[in-house]
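Per-entry structural report
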Amino acid sequence: MFTFILRRLAVVIPTFLGITVLAFALIHLIPGDPVLVMVGERKLDPEFYKAAMTRLGLDQPLYLQYWHYLTGMLHGNLGESIVTHEPVLSEFLKLFPATLELSICAMIFATVFGLAAGVIAATRRGTVLDHGVMGAALTGYSMPIFWWGLILIIVFSVNLGWTPVSGRIDLEFDIAPRTGLMLIDTLLAHDLDAFKSAVMHLILPSIVLGTIPLAVIARMTRSAMLEVLREDYIRTARAKGLSPVRIVLVHALRNALMPVVTVIGLQVGTMLAGAVLTETIFSWPGIGKWLIDSISRRDYPVVQGGILLVATLIILVNLLVDVLYGVINPRIRHAR
Amino acid sequence: MRFAPRQLALALAITLAAGTAAAAGKTLIFCSEGSPAGFDPARYTTSTDFDASAETVFNRLSEFEPGSTKVRPGLAEKWSVSADGLTYTFNLRKGVKFHTTAYFKPTRDFNADDAVFTLQRLIDKNLPFNKAAPAEYSYATDMGLDTNIVAVSKLDPYTVQVKLKAVDAAFIQNLAMSFASVQSAEYAEQLLKAGKANMINVEPVGTGPFVFKSYQKDAAIRFEANPGYWRKDEVKLDKLIFAITPDASVRYQKLQKNECQVMAYPRPADLKAMQANPQLAVASQAGFNEGWIAYNVKHKPLDKLEVRQALDMAINKKAIIDAVYQGAGQLATNPMPPTQWSFNKTLKDAPLDVAKAKSLLAKAGVGNGFEITLWAMPVQRPYNPNAKLMAEMIQADWAKIGVKAKIVTYEWGEYIKRSKGGEHDAMTIGWTGDNGDPDNWLGVNLGCEAVGGNNYSQWCDKKFDDLVVKARSLSNQAERTKLYEQAQVVFKEQVPFTPIAHSTVYVPMRKEVTGYKISPFGLTSFYGVGLK
Amino acid sequence: MADNTLPTPAYPSPLKEFWLSFKVNKGATVALVYFVLLVLAALLAPWIAPHAPAEQYRDALLSPPPWAGGNAWRFVLGTDEVGRDILSRLLHGARLSLMIGFTSVLLSLIPGVVLGLVAAFYPGKIGTAIMRLMDIMMALPSLLLAIAIVAVLGPGLGNTVLAIAIVGLPSYVRLARASAMTELNRDYVIASRLAGAGQLRLMFDTVLPNCMAPLIVQATLGFSSAILDAAALGFLGLGAPPPMPEWGTMLATARDYIQSAWWVVTMPGLAILITVLALNLMGDGLRDALDPKLKKG
């Protein structure tokens, strides 16, 4: 088992190095530079420009810049933002909890409803209910989520007034960030109204972000369930006269869960991509928006560091899924 | 987190108590358009940055009157200018206190040391503080302060003297601009000693109406009222919160739901509905800005006056104001807004005339039409809410006279760099006034010195330039006005650009908000603003 | 006893067999009909659209559809902020969206298959290098990568297509490699290798046709996600330049009018949703029809 994990880790390292190169190359290939963006339509003094470029170390040859970046990174230093002068890591850590909270809630939403929809569709296979549920799932899967978000805001926030429009919490509540997760921070602050407000603010973004994973999970659950329901042991269980509910929920679902768990793991990447759009629509102060803003501001250290951190996250989750899979299924462990 | 029921009840009771306490205070939430890059106004150039620091936390030696381009005394009670116009003496206000915050406790009142430090920092790269926290003070450079200020000295604890190299008629206005906000020398010293000089950009300390409390990127900035503010009647709120909301429709939706009470930059398309909403009030003021189409006079065939005149008269400005500005704009004729002193009222636009435009093109030898590029800004600016749409409409207008325009756009930084280099044929651009001086329009955007810089038309006209340069060196406003009026006539004859519109600034707010004044400079400030 | 031999059942041609099993799936059939209509509409857009897509009727800015309170039947789906007919723009936009989908799929399918086959045939250094590269690309959220690529190349239709193609590449490479690896161990491959078939011939003539089924399904799904990605990029202001009626770009500008003119926002969104849904339904149908092995229930 241990060597298996080591083997997977050995693969991760070159991938990781590759990502540093990719992130560095991408951002430096983008035309324009941070000083120009800062100056905007104002006067550009050549001396001033030169001084700024020197101060930011942007006048050095690219390979040297990469080298500084890489060595800095190995010392745990991702550099500091050109715009705010704050260390990249500390900016990331301030914003990441917001994305994490949103992603977790969206994933819970997607998993709960996705599993339920999948199980219902599988047990009522071929009925109107099955077609309806699966049709809805496919529609969700086909949804341009930015449009979906806008429509939900208009209907539920503006016209019906059920949910707040944007942000993480009503700003009358001044909650000191302790964990950065608003739900937990409000509870730690013993402020139930604030907690309620935080929950209300999470509803729409979670739905929007969870829609596509929900559809994927529902479809996966349905097909996995159908496969399992055909197995001999289910037939045996039926023959033994166990209640159908028990058969479905205990015997079938448990065995159908494995591929579903994998799919959930794989959705993390999709989720982070979706977060970029969802955060833009709901003014959610997370890392998706942060990265997009930084690309347009040419904030090199933030883009490099941010992409690296996000990629690391995805790699780690994939690794975790891999390892879990290996734990569950020894055949995979010894392959390759 | 496990709550025993009794703890829960206790928590609930505390919450309820806290709730009533909070309701007693007056909290105003402002839906702002973006996160500031930092809180040291000297480092930045955009209103998003200034609103969050200069307009709340800080004061300046001289200041603009709320809602006006007129200057009033700030931390300097009065000032005098020597006969040659080169030496300014400032008498400072006594008894003004810097904010007491969790990170800084002032031991003394504001005095000359603070004023000297503030100005020194902008002009002296070798100041120990600047070595510890290197930054570009680009706005000060832009206004020429770094080269024009020769010396700043303290005459006594409440008198400061500034010596200039050349006469600068707008010097006092320049000091009233956000970037010249007065910092505490004592705080800077403390930061320097602690090796945290950069924190001046993160945890600001000023003398202004609001005290900085906390900032969460992309979420909120919190301020509390400065109880001892020296302009007592200008603080009527207990708390001021910026809810950072980049999307304009979301800001509007929040305003409708009273999730905020004032919002920045409404979409022109929403204005009608806002004005009809009985719960909202929409303040408006002619903007101190102008959007225009610049013609690169160094490119053929735009070097021909007839061609520029033809393009100019083919543009249906009225339609653009209806669609792009949604009526929230004022037709522009001059290279400055009508509220700028020295605005020449006698100038008229050439009437929209397709036939005449065609004949002008024929006269210039391009009667069969030609192709040019038309650059569209990738961003929304105060003077142009939708450059892409404007470009599309002009494209359609020019097609009618046989000119085929190809719409080109680049990322913002690249757009500016390439257009300063003169790669474009025609482009959308504009300007928001900095300090209320005519030179800030004519000199900055059309002077020969500005070719390769903000003179996007690459237009250097001897007659025009002589007038503007001469006016800059005078201090008598009546004499200057005459010269600027003549310069505008030259502009109108030569058509280096087509003025399109001055966008009206709208600030939608809840009916309960009182005393809000729109800054002509596009800033958002809460001096004297209260809640009913 | 020759009389008693059963008549050899007439095997349907592969195409017919495919059609028979595709037809079973009603949703997929409906989707196919829609898709054919959409392609026709796109091809015939210049003739069937009631107006030119960039024609600005400045007397009819933001005019609502006639069936929702508007007054002019000449604009069936209403007009946008400069008085352009939305229906005409959608029809012309269909050309763009289909073109974006089609080209970007081709641009990622072909190199993807080649790289995937190479990785399968040369599992040593070359294969590892290719797969590592794909891992790197997979480790970045696709939209973020696409945004970065568009930022590098500059916004524009061609660059949007390219960015989407690059982002889509890894899934084709992985799929092609995985299916080729399974096929490589099959007897028929070993047989033709022993018969002296060259490496290239083995790759493209022997193995590839047997890997096509999952690739075709993936391509259909790639088509739909390309349309979505293009719309997302357009929405973030990185898509086709004006006045091109690309659906995502239309949606992005329409956002300004979400409260004052709902039809400007709703129509392009629905067009995207329905088209993507149709493609996904077709993808499901194709999968079931092409590859009974993949049939999930």
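Everything numeric in this text was worked out from a predicted model, so none of it was measured.

Definitions and cut-offs
Residues numbered from 1 in each chain as written. Chains lettered and ligands numbered in written order. Predicted model: local features only at pLDDT ≥ 70, side-chain atom pairs only at ≥ 80, totals over all residues. Heavy atoms only, no water. Disulfide = S-S within 2.5 Å. Helix = DSSP H or I, 4+ residues; strand = E, 2+ residues; numbered from the N terminus. Buried < 20%, exposed > 50% of the residue type's maximum accessible area, 1.4 Å probe, protein only. Contact = heavy atoms within 4.5 Å. Buried area = accessible area lost by both parts, 1.4 Å probe. Salt bridge = Lys/Arg side-chain N within 4 Å of Asp/Glu carboxyl O. Polar contact = N/O pair within 3.5 Å; in protein donor to acceptor, adjacent residues only side chain to side chain. Arc of directions from axis to C-beta. Pairing = 2+ DSSP bridges. UniProt positions renumbered as here; feature names shortened; annotations may be inferred. Nonpolar A, V, L, I, M, F, W, Y, C, P; charged D, E, K, R; others polar.

**Quick notes on the state of the cysteines**
Residues and elements named next belong to chain B. In total, this model carries two disulfides over all chains according to the counting rule given. For Cys31, the disulfide goes to Cys260, at an S-S distance of 2.2 Å. Disulfide Cys31-Cys260: the torsion about the S-S bond is -100°, which places it as left-handed. Linking Cys31 in strand E1 (residues 27–32) with Cys260 in the loop between helix H9 (248–256) and strand E11 (262–263), this pair joins segments that are 229 residues apart in sequence. The burial state of Cys31 is the same as that of Cys260; both residues are buried. Each sulfur in the disulfide pair Cys448 and Cys460 lies 2.0 Å from the other. The sign of the S-S torsion, about 90°, decides the handedness of the disulfide formed by Cys448 and Cys460: right-handed. With a gap of 12 residues between them, Cys448 in the loop between helix H16 (439–446) and helix H17 (462–472) and Cys460 in the loop between H16 and H17 connect regions that are remote in the sequence. Residue Cys448 is classed as partly exposed on the basis of its relative accessible area, which comes to 22%. By sequence order of its bonded cysteines, chain B has the disulfide arrangement 1-2, 3-4.

**Details of the interface of chain B and chain A**
Contacts between chain B and chain A engage 54 residues on the former and 49 residues on the latter. Interface of chain B and chain A: buried area, both sides summed, is about 4500 Å²; carbon and sulfur atoms make up 56% of it. Interface area lost by chain B to chain A is led by Glu136, Lys217 and Asp218 of chain B, which between them contribute 14%. The tally of links from chain B across to chain A stands at three salt bridges. Among the ionic pairs, Asp218 of chain B bridges to Lys289 of chain A, the shortest N-O distance being 4.0 Å. Our enumeration of links across chain B and chain A arrives at seven residue pairs in polar contact (both at pLDDT 80 or more). For the side of chain B that touches chain A, the secondary structure elements donating two or more residues are helix H1 (5–24), helix H5 (138–142), strand E8 (210–216), strand E9 (220–225), strand E10 (239–244), H9, helix H15 (412–420) and strand E17 (426–432) of chain B.

**Regarding H17 of chain B**
Residues and elements named next belong to chain B. Within the span of H17, buried status applies to Phe464, Asp465, Leu467, Val468 and Ala471. Buried residues of H17 fall within an arc of 160° about the axis and therefore sit on the same side. Away from the buried face of H17 by more than 90 degrees, exposed residues Lys462 and Lys463 are located. Elements that come into contact with the buried residues of H17 comprise H16 and helix H18 (477–494). Where H17 begins, one side-chain oxygen reaches toward the backbone nitrogen of Lys463, 3.0 Å away; that side chain belongs to Asp461.

**Observations concerning the pairing of strand E6 (residues 149–156) of chain B**
Residues and elements named next belong to chain B. As defined by bridge partners, E6 adjoins strand E7 (residues 159–164) across six bridges and the pair is classed as antiparallel. Across the sheet, Asp156 pairs through a bridge with Thr159, a residue of E7. Joining the antiparallel neighbours E6 and E7 is a turn of two residues.

**As for the UniProt feature "transmembrane region" (unreviewed entry) in chain C**
Residue and element names in this part refer to chain C. Under the UniProt annotation, the feature "transmembrane region" (unreviewed entry) is placed at residues 28–49, 98–122, 143–168, 216–240 and 260–283. Within residues 28–49, the helical portion is 95% and the strand portion 0%, while the C-alpha atoms at the span's ends are 27 Å from each other. Secondary structure content for residues 143–168 is 88% helix and 0% strand, while the C-alpha to C-alpha distance between its ends is 10 Å.

**Points about the interface of chain C and chain B**
On the side of chain B, 23 residues touch chain C, which itself brings 16 residues to the contact. The junction of chain C with chain B conceals about 1700 Å² of combined surface from both sides, 50% of it contributed by carbon and sulfur atoms. Put simply, chain C and chain B have one salt bridge between them. Among the ionic pairs, Glu392 of chain B bridges to Arg84 of chain C, the shortest N-O distance being 2.2 Å. One can count two residue pairs in polar contact (both at pLDDT 80 or more) joining chain C with chain B. Its residues placed into classes, the side of chain C that touches chain B shows seven nonpolar, four polar and five charged.

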